[in-house]
Amino acid sequence: MGESLYPVPAQWAANALVDEAGYNAMHARSVEDPEGFWGEHGLRLDWIKPYSTVKQTSYHKEDFGIRWFADGTLNLCANALDRHLATRGDQVAILWEPDSPTDAERRITYRELHEDVCRLANVLKAQGVQKGDRVTLYLPMVPEAAVAMLACARIGAIHSIVFAGFSPEALAGRIDDCGSRIVLTCDEGLRGGKKVPLKANVDAAMDHAPGVECVIVLKRTGADVPMVEGRDIDWHTATAAASTDCPPEEMNAEDPLFILYTSGSTGKPKGVLHTTGGYAVWASMTHQYVFDYRPGQIYWCAADVGWVTGHSYVVYGPLINGGTTVMFEGVPNYPDPSRFWQVVDKFKVEIFYGAPTALRALMREGDDWVKKTSRSSLRLLGSVGEPINPEAWEWYHKVVGENRCPIVDTWWQTETGGAMITPLPGATALKPGSASKPFFGVQPLLLDNDGKVMEGAGEGCLVIADSWPGQMRGVWGDEERFFNTYFTTFAGYYFTGDGCRRDEDGYYWITGRIDDVINVSGHRMGTAEIESALVAHAKVAEAAVVGMPHEIKGQGIYAYVTCNADVEPTEALRKELVQWVRHEIGPIATPDVIQFAPGLPKTRSGKIMRRILRKIAENDVSSLGDTSTLADPSVVDHLVENRPALA
Ligand code: WTA
């Protein structure tokens with residue numbers, strides 16, 4: 001397919017914060033003189049005690065460490081709220097759209113948000129929460145989720161959000177790992193007209209999370225949920241009685257802000273730790289430049305706060321920047337596939353930031369659902385979570401944006417805190433499917449399999465050469481895992497886990513994960529996690545999970561399962577195993593295919609040959625490669641012959 005190029009529209013080049021020349025100059029300075037560059041841009045925040053040092057970072061074993069603005073002090077909540085009160089106290093900070101279009105929206109001003117946050121912060125303090133304590137949030141997309149994050153930041157508590165689609169088992173594991181004594185949840189969530197029993201899930205998690213002493217319960221649906229005497233507190237009653245005065249805690253730049261669990265290629269999900277100063281600089285600066293954001297513009301990031309995108313681009317980035325951020329409780333196709341664009345029209349959204357999986361699902365429903373809405377307020381579109389295929393990109397550009405709106409395809413990770421490779425709308429000509437160029441301070445490199453730096457055009461492993469302020473600082477509770485996971489594959493570089501191509505123009509094209517992580521609808525799943533859920537079932541002896549191409553989700557989950565010798569692999573068992581995985585992890589981990597396998601292809605030393613399993617899952621069986629090193633090559637024939645027909 002010929003590659004198209006979309007030049008920067010003239011009015012964007014003229015009016016945006018940076019044009020192409022500006023970007024080139026700023027990027028060059030950011031990598032040549034990081035001290036000077038970030039020393040200046042760190043001043044975008046209000047510091048209590050100014051920093052005198054900027055960058056103290058090393059990726060090398062001898063002196064490994066990542067510290068930014070290390071002797072400065074600040075409070076992130078004060079940066080997101082208090083400092084706007086004098087100038088924009090009555091501006092809407094959060095514009096909330098409920099699940100059902102017939103329910104009323106909520107418009108919460110900066111002043112009201114400040115009050116709500118202070119009240120909840122005082123409730124947390126009254127429950128004994130102190131600076132450095134972990135607080136688990138298991139909340140749907142309601143404004144109170146943002147209130148809870150900011151309340152934690154205000155008193156220096158570390159929030160750990162667990163996506164409200166995770167099961168009680170997954171929730172318990174995350175509560176336990178970070179030692180939270182307190183959980184904030186709600187009676188029930190509401191998504192696409194369906195109720196999600198969040199409080200019941202928390203209750204069920206308690207068997208495996210014995211350290212929890214207090215659960216604060218928000219009313220959303222008003223369902224009659226049992227409250228445990230002495231442990232459970234009603235959110236509204238407690239906050240109504242609390243004071244609206246709560247001075248922000250003075251935090252060091254390197255004090256932890258939040259933990260967010262994410263899947264890796266091995267082991268349990270890890271608690272990615274972000275700290276205060278560098279993260280706040282990164283979230284706010286990327287938000288401002290990537291979206292060319294001006295305070296007060298109506299901006300909508302359609303991500304859930306349970307994921308990092310929700311942290312940086314629903315809550316922290318936009319609020320630090322004095323923005324009006326839309327929070328949407330529902331789903332793109334409820335009550336019908338026009339919903340996104342109806343909300344755009346209702347609130348006159350100027351900037352819309354969404355995920356390729358949602359766009360592909362909507363594209364399949366046909367253009368009429370889009371075209372019957374106006375969308376005339378839209379100026380800029382964004383994409384995040386997985387590579388956007390050029391076909392979906394073109395549709396987004398032409399049908400949703402009516403050829404008027406640039407698309408910023410932002411590549412980044414939970415670990416990076418914010419966008420890393422991304423166009424800037426006034427500076428970067430666009431190529432559909434390419435995340436394009438590095439943000440300020442980012443030095444991407446491609447390495448070949450021997451770890452040699454590649455020059456010019458080519459495809460290799462994507463690493464980042466030097467630290468940036470928004471970089472994660474550690475894995476909660478496991479210092480070595482941080483270094484071992486990210487800095488040992490290629491010594492001296494941050495390893496992203498992604499493959500990438502660079503073209504003749506220096507544009508980056510992410511090709512997807514090259515480790516054992518699969519990306520299902522923009523959600524990261526570790527294959528090891530799903531495998532250990534499967535083998536935890538009494539009838540399963542062994543399991544191997546790989547990704548398979550999926551039209552809507554990007555990747556689907558393909559599981560090979562070997563049953564215990566006395567077990568008959570039936571259709572009923574297949575269904576039971578699908579339910580089992582949903583129960584162990586959550587619906588996002590639902591296997592798309594389970595293939596019963598009497599044996600798995602293994603090397604003579606017993607290592608499962610995933611490369612072969614991937615090929616079979618992709619139905620690319622003509623190129624299985626060399627199978628002669630297998631302990632028993634006939635298992636491959638059996639797998640190929642018995643590959644289930646896919647729907
Ligand atoms: C993938 C989400 C291509 C990538 C912010 C990365 C992308 C993983 C893009 C991180 C993009 C995210 N183009 N791939 N624009 N954005 N990815 O931690 O594989 O949930 O490593 O962070 O998603 O997923 P995570």
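Predicted model, so just to flag it, every value in this text is computed and none were measured.

The rules behind these values
- Residues numbered from 1 in each chain as written.
- Predicted model: local features only at pLDDT ≥ 70, side-chain atom pairs only at ≥ 80, totals over all residues.
- Heavy atoms only, no water.
- Near = heavy atom within 4 Å.
- Polar contact = N/O pair within 3.5 Å; in protein donor to acceptor, adjacent residues only side chain to side chain.
- Areas by Shrake-Rupley, 256 points an atom, 1.4 Å probe, with all protein chains shown as cover.
- Helix = DSSP H or I, 4+ residues; strand = E, 2+ residues; numbered from the N terminus.
- Nonpolar A, V, L, I, M, F, W, Y, C, P; charged D, E, K, R; others polar.
- UniProt positions renumbered as here; feature names shortened; annotations may be inferred.
- Contact = heavy atoms within 4.5 Å.
- Buried < 20%, exposed > 50% of the residue type's maximum accessible area, 1.4 Å probe, protein only.
- Salt bridge = Lys/Arg side-chain N within 4 Å of Asp/Glu carboxyl O.
- Pairing = 2+ DSSP bridges.
- Axes fitted to C-alpha atoms, helices over the stretch in contact; angles between N-to-C directions.
- Domains from an automatic or database assignment.
- Buried area = accessible area lost by both parts, 1.4 Å probe.
- Phe/Tyr/Trp six-rings, centres within 6.5 Å; stacked < 30°, edge-to-face > 60°.

**Quick word on the site of the ligand**
Then step 1. Inspection of the region around the ligand gives 17 residues, with Asp409, Thr410, Thr414, Asp498 and Arg524 positioned closest.
Then step 2. Within the backbone of Gly385, a nitrogen or oxygen atom sits 3.1 Å from a nitrogen atom of the ligand.
Then step 3. Between the ligand and the protein, one listed contact pairs a nitrogen atom with a backbone N or O atom of Pro387 at 3.3 Å.
Then step 4. Protein burial of the ligand: of its 530 Å² of free accessible surface, 96% is covered by the chains.
Then step 5. If you list the elements that add at least two residues to the shell around the ligand, you get helix H11 (308–320), strand S20 (407–410) and strand S25 (508–513).
Then step 6. By residue class, the composition of the shell around the ligand is 6 nonpolar, 6 polar and 5 charged.

**Here we look at the UniProt feature "binding site: ATP" (unreviewed entry) in the protein chain**
Then step 1. If you check UniProt for "binding site: ATP" (unreviewed entry), the listed places come out as Gly385, Glu386, Pro387, Asp409, Thr410, Trp411, Trp412, Gln413, Thr414, Asp498, Arg513 and Arg524 in our numbering.
Then step 2. Relative to the elements of secondary structure, Gln413 occurs in the loop between S20 and strand S21 (444–447).
Then step 3. When sequence neighbours within four positions are dropped, the list of residues in contact with Gln413 reads Val308, Tyr494, Thr496, Asp498, Arg513 and Arg524.
Then step 4. Within the element layout of this structure, Asp498 appears in strand S24 (residues 494–502).
Then step 5. Residue classification places Asp498 among the buried positions, given a relative accessible area of 6%.
Then step 6. A polar contact is formed between the side chain of Asp498 and the side chain of Trp411, at a distance of 2.9 Å.

**Side note on the UniProt feature "domain: Acetyl-coenzyme A synthetase N-terminal" (unreviewed entry) in the protein chain**
Then step 1. In the numbering used here, UniProt assigns the feature "domain: Acetyl-coenzyme A synthetase N-terminal" (unreviewed entry) to residues 23–80.
Then step 2. Helix makes up 40% of residues 23–80 and strand 17%, with an end-to-end C-alpha separation of 26 Å.

**Section: the pattern of salt bridges**
Then step 1. Per the counting criterion, the structure on display carries 39 salt bridges.
Then step 2. Close ionic contact of Asp232 with Arg231 constitutes a salt bridge, the shortest N to O distance being 2.6 Å.
Then step 3. According to the relative accessible area criterion, Arg231 is buried, its value standing at 14%.
Then step 4. The closest approach of N and O atoms between Lys431 and Asp503, which form a salt bridge, is 2.7 Å. With Lys431 in the loop between S20 and S21 and Asp503 in the loop between S24 and S25, the pair connects residues that are 72 residues apart, well separated along the chain. Exposure class is identical for Lys431 and Asp503. Each is buried.
Then step 5. One continuous salt-bridge network, built from bridges that share partners, spans Glu97, Glu105, Arg107, Arg339 and Lys346.

**Quick word on the sheet that holds S20**
Then step 1. Spatially, S5-S4-S17-S16-S18-S19-S20 is the arrangement adopted by the 7 strands of the open sheet, whose pairing is mixed. Each edge of the sheet is formed by a strand with only one pairing partner; in this case those strands are strand S5 (106–109) and S20. Direction aside, neighbouring strands of the sheet carry axes that sit 20° apart on average.
Then step 2. On the sheet, helix H5 (residues 110–126) packs against strand S4 (92–97) and S5 and is oriented at approximately 85° with respect to S5.

**Overview of the sheet that holds strand S7 (residues 158–161)**
Then step 1. Within the open sheet, the 8 strands sit side by side as S12-S11-S8-S6-S7-S14-S15-S23. Their pairing is mixed. The open sheet is flanked by strand S12 (232–234) and strand S23 (474–475), the only strands paired with a single partner.
Then step 2. The sheet contact formed by strand S6 (residues 134–138) and strand S8 (residues 182–186) spans 4 bridges and is parallel. The partner of Val135 across the bridge, within S8, is Ile182.

**Some remarks on helix H13 (residues 356–364)**
Then step 1. Burial within H13 is extensive, with 7 of its 9 residues counted as buried.
Then step 2. Contacts from the buried residues of H13 go to helix H12 (339–347), strand S18 (351–354), strand S19 (380–384), helix H15 (390–400) and strand S29 (554–563).
Then step 3. Downstream of H13 by one or two residues, Gly366 has phi in the positive range, about 100°.

**Focus: the domain arrangement of the protein chain**
Then step 1. Annotation of the protein chain at the domain level lists domain 1 (110–252) and domain 2 (521–642).
Then step 2. Summarising the inter-unit geometry, the C-alpha centres of domain 1 and domain 2 are found 37 Å apart.
Then step 3. With 7 residues of domain 1 in contact, the opposing surface of domain 2 contributes 8 residues.
Then step 4. Of the roughly 490 Å² buried between domain 1 and domain 2, counting both surfaces, carbon and sulfur atoms make up 55%.
Then step 5. When the area that domain 1 buries against domain 2 is broken down by residue, the three leading residues are Phe166, Ser167 and Glu169, summing to 61%.
Then step 6. Summed over the shared surface of domain 1 and domain 2, the result is 0 salt bridges.

**Side note on the pairing of strand S2 (residues 65–68)**
Then step 1. What you see with S2 is a clean split: Ile66 and Trp68 sit on the buried side and Gly65 and Arg67 on the side with no burial.
Then step 2. Hairpin connection of strand S1 (residues 55–58) to S2: 6 residues between the antiparallel strands.

**As for the packing of aromatic side chains**
Then step 1. Enumeration over the complete set of coordinates arrives at 44 aromatic pairs.
Then step 2. Ring centres 5.9 Å apart and planes at 35° place the aromatic pair Tyr23 and Phe440 in the tilted group. Here Tyr23 is found in helix H2 (residues 20–32), whereas its partner Phe440 is found in the loop between S20 and S21, with 417 residues between them in sequence.
Then step 3. On the accessibility criterion, Tyr23 (8% relative accessible area) is buried.

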